[in-house]
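Listed below, chain by chain, are the residues.
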Amino acid sequence: MRSAAYRANLLKLGVMALLVLAACAAYLLVDVNPKYFDYAMSLRVPKLIVMLIAAFAIGGASLVFQSVINNTIVTPCLLGMNSLYTLIHTAVVFVAGSGSVLAVNANAAFAVDLVIMGLSATVIYGYLFKKTNYNVLYVLLIGTVLTSFFGSIQSTLTRVMDPNEYDSLLSTLVASFSNVNAEIILFSLVVLALLVFFLRRDLALLDVLTLGKEQAINLGVDYDRSVRRLLLGVTLAIAVATAVVGPISFMGLIIANLSRQLLKTYRHTQLIAGSVLFGMVILVAGQLIVEHVYTYSIPISVFITVGGGMYFLYLLLTRRRV
Amino acid sequence: MSQPSRKEEQFQLLHEINRVEGFDPAAFAVEYTDMNTGEVRKRLPVMIQMAWFRLKYPEGRIAVEVTPAKDCFVAKARVYPSYRDGPECYLAEATASRGPDPAHPSVSPREWAQTAAVGVALRNAGFSKNLGVPYNVVLFLGLSIAAMITASVVVVVGSISYIGLIVPNIVAMFKGDKIRGTLVDTALFGAIFVLVCDMVARVVIAPYELPIELIVGIIGSVLFIGLLLYRLKHGRKAIRLGAAHSGACASAVSQEEGGRGQ
């Protein structure tokens, strides 16, 4: 038996999905010259897919992360996972050199990055959470410091390395919405699918996990194991998103909280779906506006950062208890 | 600014009520850290409050009764101007409850509740001291000075993160948190820190230079995280160098007061 609220939420999600479809169609078809249809599609389709991948990875990862940490103003990006990924990517090219397989073959580089990212993030953040007794504010504080730590090391490395190597690094490093990393679309799709497949049990347990550690253990959940696996999944999803479109810090915060505000539920199937759909609408529609209204003069990350910053302040100020 | 200063005058008048010739309670005030807001304030230790009360009312009486509750002790204290007064003729009354504090297992919750109740009751009777600092004026001046110094630094060398965060904390760990005593050390240590970072920045890729922010960013964040984790493990404990150090003692006292403060 489903409650009325559940059905209302399904309706909202349906409307969101329609909006996503409309945005995608508009993005593909606005201003297309029918004569060069194939050429236009060859440019637009990879971009669209990349944006959908990014929205899926960031939306899902942020929401899962917030639920695991039990705090709704935290995103993985605030903990410096973006900068960790850029650092790892730079370090790999720095160590391997620009002539090696790792720098030439984007998929190989991406695979190595993902492995290192998974390992190092699990070690670093697992240690932090344990050390601070899961005190989110301390972890957040250390996370912001880590962001600048990783950023500093990364720019030191780029300054130390050979200019030619830096040049080859740059094309993969500064992925953005106008310069998407289309080579690794297939690989990232596979990674995300594998993540969802291997974590399906833990994702189904999210509703229980948010009850708190004691309650979850009482109900027969292997809490630590689930949390560890979910955090690893979050890390990898963020790595995928950063690899394909570059760092977008506030995106996850906005879409996860918008989804919570809109759906007002604790069912994570709906929340995650809402968050992902919000991400897709914002990215695709935003990019559409950037391309056709502002003609590329303003990158979409500016809008996301400005809007996200204000929304973050709003959340901080209206929510008494952080 | 007229409002606070009038308030200050009124506070001064209030303090005149319990004035005792030849006794200056301000000399005994200690700093304590508010456990909830993290604010550092000054207050009188309860012992001094009681001594003051004795000086003012030699025949006075402080009655405390403690009742054990479910997981804490509830203490009720009443302050009488004379030991002959009836039970309802008190100057002030206060209750306080304290449970066992996991951070200070040696503190008996019973005694703690008693002390807290007596302290509040005496404070209600006017035996307390808010030190007469014109808070808003000092805050305004301090912020202006900090803003002007920061602006001139940014104009001259650009922004360098972390120095302001790391250096004062490290100095405070060794020399205590009394600003007057540590200002020079902080300034000198900050200069050393920047110079060392600059040397590292010049050495790494020898004929060229790295921007100093990068080196400060790396060293500073490592130090900052180290400090934070150290604090988490050891609390705000000072590092003692050799014999008992005045700074270390002061900060140990303030921690103790913070633990027991209401």
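Reference entry: report on the structure contained in this document. (Residues numbered from 1 in each chain as written. Chains lettered and ligands numbered in written order. Predicted model: local features only at pLDDT ≥ 70, side-chain atom pairs only at ≥ 80, totals over all residues. Heavy atoms only, no water.)

As for the overall build of chain A
No. 1: A tally of helices and strands in chain A yields 15 helices and 0 strands.
No. 2: Within chain A, residue pairs in contact and separated by at least 24 positions form 76% of the contacts whose partners lie at least 6 positions apart.
No. 3: With the model as given, the accessible surface of chain A reaches about 15,500 Å², and the carbon-plus-sulfur share is 67%. (Helix = DSSP H or I, 4+ residues; strand = E, 2+ residues; numbered from the N terminus. Contact = heavy atoms within 4.5 Å. Areas by Shrake-Rupley, 256 points an atom, 1.4 Å probe, with all protein chains shown as cover.)

Concerning the overall build of chain B
No. 1: Within chain B one finds 8 helices and 5 strands.
No. 2: Listing each helix as α and each strand as β along chain B from the N terminus yields α-β-β-α-β-β-β-α-α-α-α-α-α.
No. 3: Burial statistics for chain B: of 262 residues in total, 32% are counted as buried.
No. 4: Counted over contacts in chain B with a minimum sequence separation of 6, partners at least 24 positions apart contribute 54%. (Buried < 20%, exposed > 50% of the residue type's maximum accessible area, 1.4 Å probe, protein only.)

Considerations on a positive patch on the surface
No. 1: Side chains of A:Lys130, A:Arg200, A:Arg201, A:Arg225 and A:Arg228 sit close together on the surface and give a patch of like positive charge.
No. 2: Looking at the element boundaries, A:Arg201 is found in helix H9 (residues 200-204). (Patch = residues over 30% accessible without salt bridge, like charges linked within 9 Å, V, L, I, M, F, W, Y side chains within 5 Å. Salt bridge = Lys/Arg side-chain N within 4 Å of Asp/Glu carboxyl O. Lys, Arg positive; Asp, Glu negative; His and termini not counted. Charge placed at Lys NZ, Arg CZ, Asp CG, Glu CD.)

Quick notes on the sheet that holds strand E3 (residues 61-68) of chain B
Pairing between the strands of a sheet comes from backbone hydrogen bonds, and it takes one of two forms, parallel or antiparallel.
Residue and element names in this part refer to chain B.
No. 1: Taken together, the 3 strands give an open sheet; going across it, the order is E3-E4-E5, and neighbouring strands pair in antiparallel fashion. Whereas interior strands pair on both sides, the edge strands pair on one side only; in this sheet they are E3 and strand E5 (92-98). Each strand axis lies, on average, 15 degrees off the axis of its neighbour in the sheet, ignoring direction.
No. 2: Where strand E4 (residues 73-80) and E5 come together, 7 bridges link them in antiparallel fashion. In the strand pairing of E5, Arg78 is matched with Glu93.
No. 3: Here helix H3 (residues 109-124) sits on the sheet and contacts E3, E4 and E5; the angle it forms with E5, its principal contact strand, is near 150 degrees. (Pairing = 2+ DSSP bridges. Axes fitted to C-alpha atoms, helices over the stretch in contact; angles between N-to-C directions.)

Focus: the interface of chain B and chain A
No. 1: On the side of chain A, 16 residues touch chain B, which itself brings 17 residues to the contact.
No. 2: Both sides of the chain B and chain A interface together cover about 1,400 Å² of buried area, and 84% of this is carbon and sulfur.
No. 3: At the junction of chain B and chain A, the tally comes to 0 salt bridges.
No. 4: At the boundary of chain B with chain A, the tally comes to 0 residue pairs in polar contact (both at pLDDT 80 or more).
No. 5: With 12 residues, helix H7 (residues 212-234) of chain B is the largest single contributor of residues to the side of chain B that touches chain A.
No. 6: Taken together, the residues that form the side of chain B that touches chain A break down as 13 nonpolar, 2 polar and 2 charged. (Buried area = accessible area lost by both parts, 1.4 Å probe. Polar contact = N/O pair within 3.5 Å; in protein donor to acceptor, adjacent residues only side chain to side chain. Nonpolar A, V, L, I, M, F, W, Y, C, P; charged D, E, K, R; others polar.)

Regarding the side chain of A:Thr90
No. 1: Tracing the backbone shows A:Thr90 in helix H3 (residues 81-96).
No. 2: Classification of A:Thr90 by relative accessible area gives buried; the value is 0%.

Describing the layout of surface pockets
Residues and elements named next belong to chain A.
No. 1: In this model, the second largest pocket occupies a volume close to 550 Å³.
No. 2: Taken together, 20 residues line the second largest pocket, and the ones lying closest to its centre are Asn70, Thr72, Arg260, Tyr266 and Arg319.
No. 3: Those elements that place two or more of their residues in the lining of the second largest pocket are helix H2 (37-69), helix H6 (136-160), helix H13 (251-263) and helix H14 (268-292).
No. 4: Across the lining of the second largest pocket, the residue classes break down as 6 nonpolar, 10 polar and 4 charged. (1 Å grid on protein atoms, 1.4 Å probe; cavity = no way out; pocket = protein on both sides within 12 Å on 5 of 7 lines; lining within 4 Å. Points joined across faces, edges and corners; volume = space filled by probe spheres on them.)

Describing helix H6 (residues 179-204) of chain B
All names here are of chain B.
No. 1: Between its terminal C-alpha atoms H6 stretches 36 Å, which fits the 38 Å expected from 26 residues at 1.5 Å a residue.
No. 2: Those residues of H6 that fall on the buried side of the exposure criterion are Thr182, Thr186, Gly190, Phe193, Cys197 and Ala201.
No. 3: Where H6 is buried, its residues touch helix H5 (163-175) and H7. (Expected span 1.5 Å × (residues − 1).)

A look at a nonpolar patch on the surface
No. 1: A surface patch of nonpolar side chains, amounting to about 730 Å² of accessible area, comprises A:Phe94, A:Val95, A:Val160, B:Phe189, B:Ile192, B:Val196, B:Met199, B:Val200 and B:Val204.
No. 2: Those elements that provide at least two residues to the nonpolar patch are H3 of chain A together with H6 of chain B.
No. 3: With 6 residues, the top contributor of residues to the nonpolar patch is H6(B).

With respect to the packing of aromatic side chains
Residue and element names in this part refer to chain B.
No. 1: Inspection of the entire model under this criterion finds 7 aromatic pairs over all chains.
No. 2: Plain terms: the ring middles of Phe53 and Tyr57 are 5.6 Å apart, the flat faces sit at 55 degrees to each other, and that makes the pair tilted.
No. 3: Take Tyr57: its relative accessible area is 22%, and that puts it in the partly exposed class. (Phe/Tyr/Trp six-rings, centres within 6.5 Å; stacked < 30°, edge-to-face > 60°.)

Quick word on the nonpolar core
No. 1: Ranked by size, the top nonpolar core spans 121 residues in total, and within it A:Phe65, A:Val68, A:Tyr125, A:Leu146 and A:Leu283 carry the most contacts.
No. 2: Residues within four places of A:Leu146 in sequence aside, it is in contact with A:Ile124, A:Tyr125, A:Leu128 and B:Ile225.
No. 3: Counting residues in hydrophobic clusters, the runner-up holds 24 residues, among them B:Ala29, B:Ile48, B:Val120 and B:Leu122. (Core = buried A, V, L, I, M, F, W, Y, C linked by side-chain atoms within 4.5 Å.)

What to know about helix H8 (residues 185-198) of chain A
All names here are of chain A.
No. 1: In this model, H8 (14 residues) spans 20 Å end to end at C-alpha, consistent with the 20 Å of a helix rising 1.5 Å per residue.
No. 2: Inspection of H8 places Ile185, Ser188, Val191, Leu192 and Leu195 among the buried residues, and these make up the whole buried set. Projected down its long axis, H8 shows its buried positions confined to an angular sector of 125 degrees, all on one face. Among the exposed residues of H8, those pointing more than 90 degrees away from its buried face are Leu186 and Phe198.
No. 3: If you follow the buried residues of H8, they end up packed against H2, helix H5 (106-131) and helix H12 (223-245). (Arc of directions from axis to C-beta.)

Focus on the pairing of E3(B)
Every regular strand shows the same layout, with side chains that alternate between the two sheet faces.
Residues and elements named next belong to chain B.
No. 1: For E3 and E4, the ladder comprises 8 bridges, and the chain directions are antiparallel. Paired with Glu65 across the bridge in E4 is Lys76.
No. 2: If you look at the hairpin formed by E3 and E4, you'll find 4 residues sitting between the two strands.

From the geometry alone we can't say anything about function, so treat these as descriptive.
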